Structures are given as C-alpha cells and as structure tokens.
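Chains, contacts and geometry: an overview
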Number of protein chains: 2
Amino acid sequence: MSPRQQPPVVVVVEPETPGNVGTIARAMKNFGLSDLKLVDPPELDPDGEAYGFAGHAREDVLPNAEEVTLDEIIDTYHTVGCTAITGEDSRRHVRFPFKTPVELRESLSTVDTRTALVFGREGRGLHNREIERLDEVCSIPASGEYPVLNLGQAATILFYELRELTVAETQLPDVDHYRAEERDIERLYDYFADFLDAQAYNERKTAKTRRLFRRLVGRAHPTDREVHTLLGVFRGATDRLDRSVARAKGDDVPTDTPEDRE
Amino acid sequence: MSPRQQPPVVVVVEPETPGNVGTIARAMKNFGLSDLKLVDPPELDPDGEAYGFAGHAREDVLPNAEEVTLDEIIDTYHTVGCTAITGEDSRRHVRFPFKTPVELRESLSTVDTRTALVFGREGRGLHNREIERLDEVCSIPASGEYPVLNLGQAATILFYELRELTVAETQLPDVDHYRAEERDIERLYDYFADFLDAQAYNERKTAKTRRLFRRLVGRAHPTDREVHTLLGVFRGATDRLDRSVARAKGDDVPTDTPEDRE
C-alpha cells in the first residue's frame, strides 16, 4: 500500500507534562507523521523535557507544533478519539462502536480524507463531552487487568499500527530473509550424508538422521551464507575422516597441517 | 489463540535512566507480562522516576524485577535481541536474518519454549558482541528517515504485538461492533421510503435516493440502537407530514402538541 497524500494530524488535548508531548513528537517522526496540534498545552521550554524526550523530532515536529482549539479540529478533520475505555455495547454509544488500531488502519486505507487522531490528557483521557463530538472511537486492546496505557505509549502504538499509511520506506531491507537456492540446500544435505558415511555412522539410523537434518535445516530457511559455511564445515570434516581411515589402512596420506583447517 | 503457559521474560541490558525501566514495567503490565530482569541497572529509588513512570506496575512488576547477567539469560532462555538496525543481507549475519514483531509473534505461537526479549541501553542499543550471542533478532519497521525508537516505546510496541500470546482477556468487549438485525435494517429502509413519499419527494429520484440511503447505512454497519433511533426519527417526521397534508385537505386532524415530539 502506498502512503496517502494526506497523513493524519495528531491532536493532544490538554497534555499535562511536557515530557509526554516530546514522546509523542518522537513517535510521530519515527512513523512518518509531522503535523502535531495541541489544545491548551503546557509551556514547551526548549531546554525542558518536551525537547529532551523528542529525539530528532526536536528539529521539526515539536517546534512546528501548533496550538489549536478542539472546535477548529472538529470543523476541519475527520476525527478519531483514542481511549482505553469503550462502551460495552450500543446502549452506550458515546464510546461504542469502536475500532481497534488494525481496524482503523484498514478503514482509513480505503478513503481519501484528512484525519485527526485525538488523544486526551494523561490522567483522565478524553472526557465524554469531547468524545461525543468526534466521528469515531479507537481503542487499543490491552490486559483486562490493567488496560490504561501511558499517553505517549498509546500514541506510539497507534502510529506504529498506521505506518502503512504514512511511512513510504522503512529502515528495513525489503526482504528480511533470503532463503538460499534450493540446489545449494540439497547439496548441503548430500554433504551431510557423506559426512555420516565418513564417520561410519550406524547404517540403520542413517536415513532417519538425514531426514531429521533436512527437517531442521529446511524449516529454518537457511541463508546462502549459512549453507555455504556449513558445506565447508561438513566437507572439511569428511575429508579429514576419509584421510584418517586411509592412514589407518597404511595408505600414503599427507599429514594434517594446521593449514588444513583453514 | 490462547495464551501460552510461559509468557516471555523481559531483559534490559544496562538501562541508563530509571524512567525507561518504569515505562517498560508499565507496558509489561498493560500487555500481560510480569517477569522483568535487569542487567547492571541504575538504582531504582521507590521515590524516583522508575516508580513514577510505572503506573500500577509499581506494585508488582517493578519491585519484583531481578538483577541478572546476560550469561545467565543466554544459558536459560531462547533469546530474541531487539534492535532498530538490522543487517542488509546474510553477509552480515550478526543482525540478519531478522524478524518483524508480527513474524516473531507468529513464530513464537508455534513453539512451547521460554523466551527472553532482550533490549539494549538507551543510547546505543545492544552491542554486536551481545547480539551475536542471542538466538534471533527482531526489528520494528519504522521510518527510514528516523527509525530509532526510544527504548520504552520500542518495548511497548513489541509487547503490544505479542499480546495474543500473553493476554488472556483484554478490556474490550468480545465484539467491538454489533450490526443490528437485518430485519430491522430493512424496516429502516422501508420507513425511509415512506418518509420520502410523505414529503412528496421527486418520484423520478426516489429509487436512486433509496439506494443511496441503503448504501450509506449498509456500509456503516448500524447498531440496533442506531436503527431504532432512526426508525423513530423517520416515523415521527412521516406522521407529521401526513397529518399536515390531511389538514391541508380540511380533514379533521388533532393539532400538534409538544408531546408529539416525544
């Protein structure tokens, strides 16, 4: 999915501690968001915690944060209120129905709109009188015993979950795992069989042990580097075993030298 | 998926700031984890930031945290090192292959083992000489421009993503949305049609407008409460329109009273 032209804006209503604003700014930058709006924020001292917690977001997201009113946001954006506490069913429709972050991502990925993700104050979250004015409710599933996340952590999770809509390119390589060529993996199995032979492995067990090795290596999806290194390991051992057998028979075999192990 | 008997333990290597330890403890409790182990931690003063940031985890996760060595962890657990920076391909196999949090969850859900999620110090993360001793590498996909998350935020995302393995019951109702009975939704469409009739809506447009209403309501998955409230709204309007037509014809119709609107 390609990022939409208009990534969501982030609104924090009456944040109490500058540190949380900094944490949110950092997470925004980590996940490709840049537009932070604050309703009645504390003072954000450039030498204080907001800037201290913001990481590289101290260079852009945080200094560009804009002070707004909730009314302006509601007039301008499709608003999603984030809360740990939902209604139980449709009789309490201030906080029901709700979407989980995954459902929100799926829903937003189908529309072209400007969305505001609205977070409440640390202690109490968003009040009902605020949530009832917003378009949708989003809630992060967490432990029933203690579902209330810290404000900055909740925001971080939501931005993470929406990253497909906002991050054009992650830091990770496109493929997080390259399985070696099957031909090379088969060669590894052959070398392993030779290695069993060379050590005079119990013949009745050979087929079973080869199968076991194939299962272990196969499900680990070995990389090219892993296969080639192990090919070397088994071939080296097999050669050495073969020579020691030949020597025992009195054949003329060059003596091992330390270089052999290279 | 039901939670496994043995949830992962969480290991933080040389955390520098007590606040981050508190943040991690809180996120653990939010997502059903309880076993926190610290390698060479700072002092955790019960009146300091660790306890201040821990929320309810100050009651159990944090005071029960155990000081350990990385050697003990490696000897005892299946270890997963968490890092923002991976290798590019298998030539750099200290940090490659890696798993994303989703892949780690899928992989752990298939095995019965005791896993340790290992996080590094704030500034530099885990050193290569530490990661190379661990079993697997996990990395959170983030913005290529600024992929380095704060320690506490990275841990929070990983715990969130693994919640299916660790949280028996979330705070959310089992169903986050109940679509009303189709019979009632159909009734709403009928009432809407009556309402169009009652207002003498342009007949040529009626079918199209009814279809439009069905599409809008249908894809919003209306709840029972929503359908019944709207049924009342349209029926009330239709009744009132019918009466005003009858009155205009000179029929004997009772006058509107405020109670009619109830």
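Please read these numbers as outputs of a predicted model, since none were measured by experiment.

Concerning the overall build of chain A
- A count of helical and extended segments in chain A gives ten helices and six strands.
- Dimensions along the principal axes, computed over C-alpha positions, put chain A at roughly 95 × 45 × 35 Å.
- Out of the 262 residues belonging to chain A, those deemed buried represent 35%.
- The long-range fraction of contacts in chain A, counting pairs at least 24 apart against all pairs at least 6 apart in sequence, stands at 81%.

Points about the relation of the copies chain B and chain A
- Each copy superposes on the other: chain B lies on chain A with an RMSD of 0.1 Å after a rotation of 180° and an axial shift of 0.1 Å. Taken together, the rotation angle and the small translation identify this as a two-fold axis.

Observations regarding the sheet that holds strand β2 (residues 36-39) of chain A
All names here are of chain A.
- Strand order in the open sheet formed by six strands is β3-β2-β1-β5-β4-β6, with parallel pairing between adjacent strands. Both outer strands of the open sheet, β3 (66-68) and β6 (136-138), are each paired with one neighbouring strand and no more. On average, adjacent strands in this sheet sit at an angle of 30° to one another, irrespective of strand direction.
- Alignment of strand β1 (residues 9-13) against β2, held across four bridges, turns out to be parallel. Looking at the pairing, Val10 lines up with Leu36 of β2.
- Across the face of the sheet, helix α1 (residues 18-30) comes into contact with β1 and β2 while running at roughly 170° to β1.

Things to note about the sheet that holds strand β4 (residues 78-82) of chain B
All names here are of chain B.
- Across the sheet, six strands lie side by side as β3-β2-β1-β5-β4-β6; this open sheet has parallel pairing. Both edges of this open sheet fall to β3 (66-68) and β6 (136-138), since each of them pairs with a single strand only. Between one strand axis and the next, the sheet turns through 30° on average, direction left out of account.
- As paired elements, β4 and strand β5 (residues 115-119) share four bridges and run parallel to each other. Opposite Thr79, over in β5, you have Ala116 as the bridge partner.
- Docked against the sheet, helix α1 (residues 18-30) engages β1 (9-13) and β2 (36-39), running at close to 170° with respect to β1.

A short note on the environment of Glu14(B)
Residue and element names in this part refer to chain B.
- Relative to the helices and strands, Glu14 is located in the loop between β1 and α1.
- Residue Glu14 is classed as partly exposed on the basis of its C-beta count, with 19 C-beta atoms lying within 10 Å.
- Residues Glu14 and Pro42 lie 28 residues apart in sequence; the distance between their C-alpha atoms is 7.7 Å.
- Among all residues touching Glu14, those that are not within four sequence positions of it are Val39, Asp40 and Arg121.

Side note on the interface of chain B and chain A
- Each partner contributes to the interface: chain B provides 47 residues, whereas chain A provides 47 residues.
- Sorting the residues of the side of chain B that touches chain A by element identifies α1, α6 (151-161) and α10 (224-248) of chain B as the ones contributing at least two each.
- Here the element with the most residues in the side of chain B that touches chain A is α1(B); it accounts for five residues.
- In the side of chain B that touches chain A, the residues fall into 16 nonpolar, 19 polar and twelve charged.

So, the nonpolar core
- Counting residues in hydrophobic clusters, the biggest one holds 104 residues, and the most contacted among them are Met28(A) and Met28(B).
- Excluding anything up to four places from it in sequence, Met28(A) contacts Val10(A), Leu33(A), Ser34(A), Leu36(A), Ala57(A), Val61(A) and Phe159(A).

Thoughts on the pairing of β2(A)
Residues and elements named next belong to chain A.
- Between the parallel elements β1 and β2, the chain passes through α1 in a crossover that is right-handed.
- Two strands pair when backbone bridges link them, and β2 and β3 are joined in this way by three bridges, in the parallel orientation. By the bridge assignment, Lys37 is partnered in β3 with Glu66.

Details of the confidence of the model for chain A
- Scored by pLDDT, chain A comes out at a mean of 90, with 94% of its residues at no less than 70.
- Across the interface, the model reports ipTM at 0.83; the global pTM reads 0.85.

Some remarks on the environment of Thr166(B)
Residue and element names in this part refer to chain B.
- Relative to the helices and strands, Thr166 is located in helix α7 (residues 163-166).
- Judged by C-beta crowding, with 19 C-beta atoms within 10 Å, Thr166 ranks as partly exposed.
- In this structure, the C-alpha to C-alpha distance between Thr166 and Pro8, residues 158 residues apart in sequence, is 8.2 Å.

Digging into the domain arrangement of chain A
- Domain assignment breaks chain A into domain 1 (9-166) and domain 2 (182-261).
- Measuring from the centre of the C-alpha atoms in domain 1 of chain A to the corresponding centre in domain 2 of chain A gives 58 Å.

Considerations on the packing of helix α4 (residues 101-108) of chain B against α6(B)
Residue and element names in this part refer to chain B.
- Closest axis-to-axis distance for the α4/α6 pair is 9 Å, and the angle between their directions is 40°. The angle between α4 and α6 places the two elements in the oblique class. α6 is crossed by α4, and the crossing has right-handed handedness. On α6, the residues touching Pro101, Val102 and Arg105 of α4 are Ile157, Leu158 and Glu161.
- Taken together, the residues of the contact of α4 with α6 sort by class into four nonpolar, no polar and two charged.

Topic: α6(B)
- Burial analysis of α6(B) places eleven of its eleven residues in the buried class, which makes it a mostly covered element.
- The complete set of buried residues in α6(B) reads Leu151(B), Gly152(B), Gln153(B), Ala154(B), Ala155(B), Thr156(B), Ile157(B), Leu158(B), Phe159(B), Tyr160(B) and Glu161(B).

Description of unusual backbone geometry
Residues and elements named next belong to chain A.
- The phi torsion at Glu14 lies on the positive side, around 50°, for a residue other than glycine.
- The residue Ala200 is not glycine, and still its phi comes out positive at about 55°.
- Within the secondary structure, Ala200 sits in the loop between α8 (182-198) and α9 (203-219).
- Assessed through the 9 C-beta atoms surrounding it within 10 Å, Ala200 is described here as exposed.

Considering the environment of Tyr77(A)
Residues and elements named next belong to chain A.
- With respect to the helices and strands, Tyr77 occurs in the loop between α3 (70-76) and β4 (78-82).
- Overall, the presence of 20 C-beta atoms within 10 Å leaves Tyr77 in the buried class.
- For the pair Tyr77 and Asn202, spaced 125 residues apart in the sequence, the C-alpha separation amounts to 73 Å.
- Each residue touching Tyr77, except ones within four places of it in the same chain, is listed here: Val9, Arg114, Thr115 and Ala116.

What counts, and where the lines are drawn
- Residues numbered from 1 in each chain as written.
- Chains lettered and ligands numbered in written order.
- Predicted model: local features only at pLDDT ≥ 70, side-chain atom pairs only at ≥ 80, totals over all residues.
- Helix = DSSP H or I, 4+ residues; strand = E, 2+ residues; numbered from the N terminus.
- Buried ≥ 20, exposed ≤ 12 C-beta atoms within 10 Å, placed from the backbone.
- Contact = placed C-beta atoms within 7 Å.
- Least-squares fit on C-alpha atoms with pLDDT ≥ 70 in both.
- Pairing = 2+ DSSP bridges.
- Axes fitted to C-alpha atoms, helices over the stretch in contact; angles between N-to-C directions.
- Nonpolar A, V, L, I, M, F, W, Y, C, P; charged D, E, K, R; others polar.
- Core = buried A, V, L, I, M, F, W, Y, C linked by C-beta atoms within 7 Å.
- Right-handed = clockwise from strand over helix to strand, strands pointing away.
- pLDDT = per-residue confidence, 0-100.
- Domains from an automatic or database assignment.
- Parallel < 35°, antiparallel > 145°, perpendicular 65-115°, else oblique.
- Left-handed = near helix turned anticlockwise from the far one by under 90°.

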